[in-house]
Amino acid sequence: RVSTRGGEMASPSPLSPLSQPSPGPLAPTPTQASGAGAGASAGGGGSASAAAGESAAAAAARLRRAADRLTLKVALLGDAQTGKTSLMIKFVEERRVDDDYVQTLGVNFMEKTVPVRDTDVVFSVWDPGSQREFMQSLPLVCSDADAFLFMFDLGRRSTLSSIKRWYCDARATNAAATPVLVGTKYDFFCNLPEEERRETARQARAYARAMGAPLVFCSARHGVNVQTLFRVVTAAVFGAPAGVRESTDFADGPIVELTGPENGHHHASDGGAANGPGGAEGGADEAPRG
């Protein structure tokens, strides 16, 4: 069962209910559920009493479902044209992202509910945009976030250099959120010269190590590691096993490292050659072609 919703607002209120989704219009408050039960007792038996009793039971079930919801707020941070909106759309709506670039103005947000065992996990994904005139919305997006996805374009190392500024700005409002470093547009990365790929991977590992963050290379266009990324995020936030296969050699596929690499640890990918976009872990991800 997967449900989604989304929207865009130029200057959202700090009390926006989307940061903590409500159980829904059909979910009664405890007082309402109690009142339904009282009405059943006073009904005096017969079909009316049975119907009221069923209503109370249904209300109680809805309350239990509401209590079993867990919201995970994720902020997407990075320079313009690093694929933040494309990643959000691919994860939430699971559809192919158009190649036409549309710049995010203001705050963009979408939600996806995923059942995990006995709990509905609501991924509330927020993109504050990248233009400096909209940076006043950064505290709204970051202050109560559970995870920061620091995103950079694998084909433009300047966007990786900008992560330091995004990290400092985000940490100024929230020092507790879990960081994850995300390299996007892996499909384009595979076509770069080997030396450039090696240097980008080296620098990305250095940033991940400095942040103590997992490192994931992905492609929203081809669906590479999109679902895997959010499994890594969930595991990192809750300190649980991610259930994904790590890949440190980009000759075998996009990099997935669950913790910042240790000093002195050798990575074969530093000297490897890419075989093209592919090898994404986690069968839910679409294997790229071409």
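Coordinates for the structure precede this section.
Residues numbered from 1 in each chain as written. Predicted model: local features only at pLDDT ≥ 70, side-chain atom pairs only at ≥ 80, totals over all residues. Heavy atoms only, no water.

> Any chance you could break down the pairing of strand β2 (residues 69-77) for me, citing the residues and the numbers?
Burial runs high along β2: 7 of the 9 residues are buried. Bridge count for β2 against strand β4 (residues 119-127) is 7 bridges, and the pairing is parallel. Bridge assignment links Arg69 to a residue of β4, and that residue is Asp120. The sheet contact formed by β2 and strand β5 (residues 147-153) spans 4 bridges and is parallel. Bridged to Leu76 within β5 is Leu149. (Buried < 20%, exposed > 50% of the residue type's maximum accessible area, 1.4 Å probe, protein only. Helix = DSSP H or I, 4+ residues; strand = E, 2+ residues; numbered from the N terminus. Pairing = 2+ DSSP bridges.)

> Explain helix α6 (residues 163-173) residue by residue, including any values.
Among the residues of α6, Ile163, Trp166, Ala170 and Arg171 are the ones counted as buried. Down the axis of α6, the buried set is contained in an arc of 125°. They therefore lie on one face. Turned more than 90 degrees from where α6 packs its buried face, Lys164 and Ala172 sit exposed. Buried residues in α6 make contact with β2, α4 (138-142), β5, α5 (157-161), β6 (178-184) and α8 (194-211). (Arc of directions from axis to C-beta. Contact = heavy atoms within 4.5 Å.)

> So what about the nonpolar core? Which residues, and what values?
In terms of nonpolar packing, the biggest core is built from 33 residues, with Leu77, Phe148, Phe150, Phe152, Leu181 and Phe217 touching the most fellow members. Residue assignment for this core shows that the elements contributing at least two residues are β2, β3 (107-116), α4, β5, α6, α7 (186-189), α8 and β7 (215-217). (Core = buried A, V, L, I, M, F, W, Y, C linked by side-chain atoms within 4.5 Å.)

> Now, about the environment of Ser219: what can you tell me, with residues and values included?
Here Ser219 lies in the loop between β7 and α9 (226-238). On the basis of relative accessible area, Ser219 is assigned to the buried category, the value being 1%. With near-sequence residues (within four places) excluded, Ser219 lies in contact with Lys185, Tyr186, Asp187, Val224 and Val226. Within the structure, the side chain of Ser219 is placed 3.0 Å from the side chain of Asp187, a separation counted as a polar contact. (Polar contact = N/O pair within 3.5 Å; in protein donor to acceptor, adjacent residues only side chain to side chain.)

> How would you explain helix α3 (residues 84-93) if you had to name every residue and give the values?
In terms of residue burial, α3 counts as a mostly covered element, since 8 of its 10 residues are buried. Those residues of α3 that sit buried are Lys84, Thr85, Leu87, Met88, Ile89, Lys90, Phe91 and Val92. Phi for Glu94, located one or two positions after α3, is positive at around 55°.

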